[in-house]
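# Report on the structure
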Amino acid sequence: MSHTHTHTQTSMFPVFLSAGDGNAKMSSVYINNTHGMDDDDFYDKNLALFEEEMDTRPKVSSLLNRLANYTNLTQGAREHEEAESIGEKRKSPQMGTFMGVYLPCLQNIFGVILFLRLTWVVGTAGVLQALCIVFICCCCTLLTAISMSAIATNGVVPAGGSYFMISRSLGPEFGGAVGLCFYLGTTFAGAMYILGAIEILLMYIAPKAAIFVSIGPDGEGAAMLNNMRVYGSIFLLLMALLVFVGVKYVNKLASVFLACVIISILSIYTGALVSAFSPPVFPVCMLGNRTLSGHILRDSPCAKTVLLKEPPGPATTLWLQFCEGRDLNASCDDYFFHSNVSEIHGIPGLASGVITENIWSAYLSKGDVLEKGGLPAPSHAHPPTNRQPYVFADITTSFTLLVGIFFPSVTGIMAGSNRSGDLRDAQRSIPIGTILAILTTSLVYLSCVVLFGACVEGVVLRDKFGDSVQGNLVVGTLAWPSPWVIVIGSFFSTCGAGLQSLTGAPRLLQAIAKDNIIPFLRVFGHGKANGEPTWALLLTAVIAELGILIASLDLVAPILSMFFLMCYLFVNLACALQTLLRTPNWRPRFSYYHWALSFLGMIICLALMFISSWYYAIVAIVIAGMIYKYIEYHGAEKEWGDGIRGLSLSAARYALLRLEEGPPHTKNWRPQLLVLLKLDEDAHIKSPRLLTFASQLKAGKGLTIVGTVITGNFLSSYGEALAAEQVGIVLSMDKEKVKGFCQCIVANKTREGISHMIQSSGLGGMRHNTVVMGWPLAWRQSEDPQSWKTFINTVRVTTAAHLALLVPKNISLFPSNSEPCTDGYIDVWWIVHDGGMLMLLPFLLRQHKVWRKCAMRIFTVAQLEDNSIQMKKDLATFLYHLRIEADVEVVEMHNSDISAYTYERTLMMEQRSQMLRQMRLSKSDREKEVLRSQARYRVPAVNQGPVQSTSSKPGPGTEDGGMSASEHRRVHMTWTKERTMQYRATHSGCSTPEGFRDMLSIRPDHSNVRRMHTAVKLNEVIVNKSHDARLVLLNMPGPPRNQAGDENYMEFLEVLTEGLERVLLVRGGGSEVITIYS
């Protein structure tokens, strides 16, 4: 018989390999069918294993073809696809770090406070405390920029900047609350810049343009506020019209405004250096130690009397202010009478050593006179009145107040991230540009604090509006060559900053409105035909007008400080939470961040809020909280529990219901495992390494359900199931440090139990999305086909349930938790794209100490028609955007001829299947014969009903072989040797040489040959490239739709993974699990 077998095989192959034979047509189908391809050959021979699912799981090459435009990916972010498909094709963004991030950040950070208030802050707080204020504020923005850089480089950030980053990192509630805070902050910043511009205009450029003029000194403050309101409203209207007409004009003017800022700052530094050699002449008139206003004196001398030869007498302007007449014997103010008039230098210069006087603080209450220490003054002096020409403090100052007023001068760090859509490489430019801009501005501020303290007299520094230096801008007195450089420069820069705020704020509001998370803002999502936010601009102008009606720069600054601090606080919170939760999607390309830095930034933000103004801080928090709750509870029910347990139950229920609301976003997808285990007779786990693998994959995060099926009746086996759960599973889970739940199901058949478990495990949104099961060992040698049939059925069930499936092969060779891999590779063979599981799994495994030192390699297969060089480039770009470090290789598989070896493997497989089928068929016939004989001889049969029902369904789908083991034994007892021989002669086709030869002469099925060809070819290249890999991840082809080919499917998988030590077969659940977006 063996001789015949060999002869048949050797004589068979020439038949198929010969082109001149009568079977030429057949050979052309199997060997090298380059012409006349039928439908089955549409997908090339190399990927025939995967062809039935190509519509849902495309080839990697076809996926990479779509990578030129990343918004076309199936990776989520549909809103960006729709937004970009509306208009014409955009030009590719070309802005680099310097032009796109660094300069816009500089322009937004440097602003009105530097020119109008920094000298006053230095004079009031002293150099040391001023340095402290600047340092705290700059630390706050630097830490926030580090957190922002991490968020901004965690994927592609579309245009939308800070709001997009926060809302996508912390969800719509936080996103809406912070987005509106940021919007309000930007709007009030616009109001502050306009007020600053008006202050420069009315104080230093055109004081005579004031509409309201007070008659007495009491009404000066009120008149000034009214002037600010009128002019501010006019400026706001003009700016809003300019923004409405066209943003392009604002953008064109931006570079001019930036030049103004830089020239102004350079003039300050130049003036400070020049003052060391020739200080500018700005005399300050002092009466005793009190500062006199230069507005009153004008051109008159700083003296009580003056020698004159003719009338009107010796009296000066100063004399007339303090005395009741021109005569020398007139009645005068007591302080004036006892004090000397002196003149000091307003700008002593860098070499004067005045910094020693300015190093300590000099806080004042409202109405106090500016006094210079070290000058003689009468001990018993009457308090001054505002009718006298002194320089008075207009508000009560304190350290906390100065923090609130100064903080807006360090805001503007989001300017770069807001332009993310225009940057060539946002992930590189945003961190570098923003952090460099913050370091530059921090250096400028700190150096300016020291320079002001070292060059300018203390009373002049504390003089907010420059009254003592004849109404000059204080910082202008230091500037070189003229104070007008600073006055004009600061005026234009504040106007520019106001325009930028009025441009940015409406766009932010429009983005929030378009997200539709706050229903009553929906109307502000609409705009002009070109997308300009008209309605949002209108609302912005109205809110900015409220800020202008406050009319005081010092009162508006703390308001916008609150909103910006709130925004920065949430940016830090977003980064800290993402880092601590270790979400799989959190893979920032910017690596110099840490959750501790984010928490520190958050604490500083919170502290600054309450330091600068505790009541504003509470108002800002309440506003943010109300928006948060409004978004959260919009249309939702509240649930009140009782006590701590009630609170816990309510929180758990609330969380589960929130999870239930919809399928998780791609970013939040992580494998929630259902691990299927097999127990032995003693209720111990047969493959404990499956649990080890699960613990390595999860690293203690997410959901893990460990399940097993016990065959039997639930009523009688319930105790056994409980024991198996406690002894077998729970102890093993504790040992392997798997945090999760266990589930033991009792079912009549294993297959049904597994199906029920896959359907019903989990609760609400806490359900598994991935099934882990072992490979059926020695399935070829097993007499009972049910082990591999259960395996294939489970594969089918997971596919039907849209769950991912992981099958570790040779699980006993996988490393334990105490055996970390010191080197080596995790190889990914990405053959078809089924949701990105193959990319995500190595990343998750490498979070665990066992796999941490393994490098990652990704191989993909290129066909004859694919451009493998372009594929490699596209794949490398794709991985760059996924923030995954891996070596990339494209393996070329050409359409080679189907080898004789492949043909022989297919033939052996089919012959084996045929023999097994014959044997099963004969067994079924035997059972029928027994039943007939039992009926004839009236032998009482045990469990006859079930046997009949089972035997009535012969074939590959029969469960448990049709009968129990005891029934088999009973059947064999009644079967004689003669009857067996007679039965085999009449029923079995294999018993005669002719029948056996018929079976050997079968022609292999066309599709089986092609599938075997795929398996052999893929196995060759995988073994060639990955023979030394620590772990090989591979797409698992689906089982055949026709269940008759199940044995062949197992054979294909065996051939595909032959010669590989550790293999993880991966089958996606049909949904995307990884995304390039933030």
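For the structure given in this document, a descriptive report is provided here. Here the structure is a predicted model, which means the values were calculated and not measured.

### Here's the deal with the overall build of the protein
The helix and strand tally for the protein stands at 39 helices and 13 strands. For the protein, with 1078 residues in total, the buried portion stands at 53%. Taking the contacts inside the protein whose residues are at least 6 apart along the sequence as the reference set, 81% of them involve residues at least 24 apart.

### What to know about the packing of helix α29 (residues 750-760) against helix α30 (residues 786-800)
Running from N to C, α29 and α30 cross one another at 25°; their axes reach a closest spacing of 10 Å. What the angle tells us is that α29 and α30 run roughly parallel. The way α29 lies across α30 gives a crossing that is right-handed. On α30, the residues that touch Thr 750, Arg 751, Ile 754, Ser 755 and Ile 758 of α29 are Gln 786, Lys 789, Thr 790, Asn 793, Thr 794, Val 797 and Thr 798. Across the contact of α29 with α30, the residue classes tally to three nonpolar, seven polar and two charged.

### Some details on the packing of helix α11 (residues 247-275) against helix α18 (residues 426-455)
Where α11 meets α18, the axes come as close as 11 Å, and the angle between the chain directions of the two elements is 35°. By crossing handedness, the relation of α11 to α18 is classed as left-handed. Of the residues in α18, those in contact with Ile 265, Ile 268, Tyr 269, Ala 272 and Ser 275 of α11 are Leu 443, Val 444, Ser 447, Cys 448, Leu 451, Phe 452 and Cys 455. Classifying every residue of the contact of α11 with α18 by side-chain character gives 10 nonpolar, two polar and no charged.

### Section: the pattern of salt bridges
On inspection of all chains with the given rule, the structure shows 13 salt bridges. A salt bridge links Asp 1028 to Arg 857; its shortest N-O distance comes to 3.7 Å. Residue Asp 1028 is located in the loop between α38 (1006-1026) and β12 (1031-1035), and its partner Arg 857 is located in strand β10 (residues 855-862); the two are separated by 171 residues in the primary sequence. Judged by relative accessible area, which is 44%, Asp 1028 ranks as partly exposed. Using a relative accessible area of 14% as the deciding quantity, one classes Arg 857 as buried. The salt bridge involving Lys 1025 is made with Glu 889; its shortest N-O contact spans 2.6 Å. Here Lys 1025, found in helix α38, pairs with Glu 889, found in strand β11 (residues 887-892); they are 136 residues apart in sequence, far enough to count as distant.

### Quick word on the sheet that holds β10
Read across the sheet, 10 strands follow the order β6-β5-β4-β7-β8-β13-β12-β9-β10-β11 without closing on themselves; strand pairing throughout is mixed. Here the strands that pair on one side only, and so sit at the sheet edges, are β6 (741-747) and β11. Ignoring which end each strand starts from, the neighbouring axes of this sheet average 20° apart. Here β10 runs beside β11; their pairing, made up of six bridges, is parallel. The partner of Thr 860 across the bridge, within β11, is Val 890. Each of β9 (825-830), β10 and β11 touches helix α32 (residues 868-882); the most contacted strand, β11, lies at about 150° to it.

### A closer look at the nonpolar core
Leu 118, Met 192, Phe 235, Phe 406, Phe 407, Tyr 445 and Phe 452 are the most contacted members of the largest nonpolar core, which totals 158 residues. Tallying contributions element by element places helix α9 (residues 172-205) first for this core, with 20 residues. Non-local contacts of Phe 406, meaning those with residues more than four positions away in its chain, are made with Ile 113, Leu 118, Ile 133, Val 134, Cys 137 and Tyr 445. Core analysis: the second largest hydrophobic core is formed by 62 residues, Ile 710, Ala 721, Phe 814 and Leu 844 among them.

### Re the sheet that holds strand β1 (residues 283-287)
Strand order in the open sheet formed by three strands is β2-β1-β3, with antiparallel pairing between adjacent strands. The outermost strands of the open sheet, each flanked by one partner alone, are β2 (290-291) and β3 (341-345). The sheet contact formed by β1 and β2 spans two bridges and is antiparallel. Looking across to β2, one finds that Met 286 is bridged to Thr 291.

### A closer look at the pairing of strand β13 (residues 1063-1067)
Burial of β13 is extensive: five of the five residues sit out of reach of the surface. Of the two faces of β13, the one lined by Val 1063, Leu 1065 and Arg 1067 and the one lined by Leu 1064 and Val 1066 are each fully buried. In this sheet, β13 lies alongside strand β8 (residues 804-809) in antiparallel orientation, the contact comprising five bridges. When the sheet's bridge partners are listed, Leu 805 is paired in β13 with Arg 1067. Chirality of the crossover, the property in question, places the unit of β12, helix α39 (residues 1046-1056) and β13 among those that are right-handed.

### Here's the deal with the packing of aromatic side chains
With the rule as written, the count across this model stands at 24 aromatic pairs. Relative to Phe 599, the ring of Trp 595 lies with its centre 5.8 Å away and its plane at 85°, an arrangement referred to as edge-to-face. Of the two residues, Trp 595 and Phe 599 are both situated in helix α24 (residues 595-612); the distance of four residues between them amounts to about one turn of the helix. On the accessibility criterion, Trp 595 (36% relative accessible area) is partly exposed. One aromatic cluster is present, formed by Trp 319, Phe 322, Phe 336, Tyr 390 and Phe 392 through successive ring pairs. When the ring centre of Trp 120 is taken as origin, the NZ or CZ atom of Lys 464, which lies over that ring, is 4.3 Å away. Positioned above the aromatic ring of Tyr 880 is the side chain of Arg 589, whose terminal nitrogen or guanidinium carbon lies 3.9 Å from the ring centre.

### Side note on a nonpolar patch on the surface
Among the surface-exposed residues, Leu 606, Phe 610, Trp 614, Tyr 615, Ile 618, Ile 621, Val 622 and Met 626 lie close enough to one another that they form a single nonpolar patch of about 780 Å² accessible area. When contributions to the nonpolar patch are tallied by element, the ones reaching two or more residues are α24 and α25 (614-633). Ranked by the residues each element gives to the nonpolar patch, the list is headed by α25, at six residues. Its place among the elements puts Phe 610 in helix α24.

Conventions and cut-offs
- Residues numbered from 1 in each chain as written.
- Predicted model: local features only at pLDDT ≥ 70, side-chain atom pairs only at ≥ 80, totals over all residues.
- Heavy atoms only, no water.
- Helix = DSSP H or I, 4+ residues; strand = E, 2+ residues; numbered from the N terminus.
- Buried < 20%, exposed > 50% of the residue type's maximum accessible area, 1.4 Å probe, protein only.
- Contact = heavy atoms within 4.5 Å.
- Axes fitted to C-alpha atoms, helices over the stretch in contact; angles between N-to-C directions.
- Parallel < 35°, antiparallel > 145°, perpendicular 65-115°, else oblique.
- Left-handed = near helix turned anticlockwise from the far one by under 90°.
- Nonpolar A, V, L, I, M, F, W, Y, C, P; charged D, E, K, R; others polar.
- Salt bridge = Lys/Arg side-chain N within 4 Å of Asp/Glu carboxyl O.
- Pairing = 2+ DSSP bridges.
- Core = buried A, V, L, I, M, F, W, Y, C linked by side-chain atoms within 4.5 Å.
- Right-handed = clockwise from strand over helix to strand, strands pointing away.
- Phe/Tyr/Trp six-rings, centres within 6.5 Å; stacked < 30°, edge-to-face > 60°.
- Lys NZ or Arg CZ within 6 Å of the ring centre and 35° of its normal.
- Patch = residues over 30% accessible without salt bridge, like charges linked within 9 Å, V, L, I, M, F, W, Y side chains within 5 Å.
- Areas by Shrake-Rupley, 256 points an atom, 1.4 Å probe, with all protein chains shown as cover.

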